[in-house]
Amino acid sequence: MRRRPASESCARLLGLAWLLCAALAWAAGPQVVQASDGRSQITMPEEWLQQRGLHDNAEIQIGSRLLNQYLIVVTEAKGATPGLGFEDFVRITQDDLLEPLVDAQAGKPYDLTIGGLRARQFEVRGSYGNTPVAYLHTAVEGREALFQIVAWCRPADYGRLQARLKSIVGTFREITKP
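How each quantity is defined
Residues numbered from 1 in each chain as written. Predicted model: local features only at pLDDT ≥ 70, side-chain atom pairs only at ≥ 80, totals over all residues. Heavy atoms only, no water. Helix = DSSP H or I, 4+ residues; strand = E, 2+ residues; numbered from the N terminus. Expected span 1.5 Å × (residues − 1). Bend = angle between axes of the 7 residues up to and from the residue. Buried < 20%, exposed > 50% of the residue type's maximum accessible area, 1.4 Å probe, protein only. Contact = heavy atoms within 4.5 Å. Polar contact = N/O pair within 3.5 Å; in protein donor to acceptor, adjacent residues only side chain to side chain. Pairing = 2+ DSSP bridges. Phe/Tyr/Trp six-rings, centres within 6.5 Å; stacked < 30°, edge-to-face > 60°. pLDDT = per-residue confidence, 0-100. Core = buried A, V, L, I, M, F, W, Y, C linked by side-chain atoms within 4.5 Å.

Before going further, it helps to examine helix α3 (residues 155-169). Its 15 residues place the ends of α3 only 18 Å apart at the C-alpha level, less than the 21 Å of an ideal helix rising 1.5 Å per residue. When the local axis directions of α3 are compared, the greatest deviation, roughly 70 degrees, occurs at Leu-161. For α3, the full list of buried residues reads Asp-157, Tyr-158, Leu-161, Leu-165, Ile-168 and Val-169. Contact partners of the buried residues in α3: β2 (40-44), β5 (69-77), β7 (110-114), β8 (117-128), β9 (131-141) and β10 (145-153).

In structure tokens, the structure reads:
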């Protein structure tokens, strides 16, 4: 009987541990995730997990590395940048998303309401470096903060996942202090 190298056994055990964690999360059903700053929350699907390293300033980072689907929430406190209104916030966050993309194709922004709050959403496709990506960008005007929600996946999957990503974004809620 051939013995496996220790590194192969460790990798195999880590893989099995990850699958077990994913299966337990899936069995638990959708989970409400609160932002690290306590200002917002969103409901993540059962097959997603909290992530790290998706964005340095994100208060919520969730997704599935296996399914290549992700979502972040970045918060800007109202008054943190004097004179920054919702329209400026929308323009700046959209420009920041589009700037590093190659061959970016942006859809027309449209207004909607999320959790009783004014929001504006648009879709964009492009390449980040050599990686093709499709984004769903949503800016939300909260009572105490402005929020940027960015969900993404592979462009080839976006048509199939568009309604699902919009549904997840639709679970966003601002948490206000009493």
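Having put the structure on the table, let's press on.
Position of Gln-61 relative to the elements: it lies in strand β4 (residues 60-64). A distance of 3.2 Å separates a polar side-chain atom of Gln-61 from the backbone nitrogen of His-55. Apart from residues lying up to four places away in sequence, Gln-61 is in contact with Leu-49, Gln-50, Gln-51, Arg-52, Gly-53, Leu-54, His-55, Leu-71 and Ile-72.

Before going further, it helps to spend a moment on the sheet that holds strand β11 (residues 173-174). Across a sheet, strands are paired by hydrogen bonds formed along the backbone, either parallel or antiparallel in direction. Pairing within the open sheet is antiparallel, and its three strands lie in the order β1-β2-β11. Two strands bound the open sheet, and with one partner strand each, they are β1 (31-34) and β11. With four bridges connecting them, β1 and β2 associate as antiparallel partners. Each residue of the ladder has a partner; that of Val-32, found in β2, is Thr-43.

What follows concerns unusual backbone geometry. One non-glycine residue, Asn-68, lies in positive phi territory at about 55 degrees. If you trace the backbone, Asn-68 turns up in the loop between β4 and β5. Taking the relative accessible area as the measure of exposure, Asn-68 reaches 22% and is therefore partly exposed. Although it is not a glycine, Asp-103 adopts a positive phi angle of roughly 55 degrees. Following the sequence through the fold, Asp-103 ends up in strand β6 (residues 101-106). Residue classification places Asp-103 among the exposed residues on the basis of a relative accessible area of 64%.

Per the stated rule, a full pass over the model turns up three aromatic pairs. Grouping aromatic residues by their ring pairs yields a cluster made of Tyr-70, Tyr-135 and Trp-152.

For the protein, per-residue confidence averages 88 on the pLDDT scale, and 84% of positions sit at 70 or higher. Per-residue pLDDT, averaged within each element of the protein, yields its smallest value for helix α1 (residues 6-28) (52) and its largest for β11 (98).

Moving on: the nonpolar core. Burial of nonpolar side chains together is a common tendency in soluble globular proteins. In this structure, Ile-62, Leu-71, Val-140, Leu-165 and Phe-172 are the most contacted members of the largest nonpolar core, which totals 26 residues. At the level of secondary structure, the elements contributing two or more residues to this core comprise β2, β4, β5, β8, β9, β10 and α3. With residues up to four places along the chain from it excluded, the contact list for Leu-165 reads Trp-48, Leu-136, Ala-151, Cys-153 and Tyr-158. Listed in part, the 12 residues of the second largest apolar core include Val-74, Leu-97, Tyr-135 and Trp-152.

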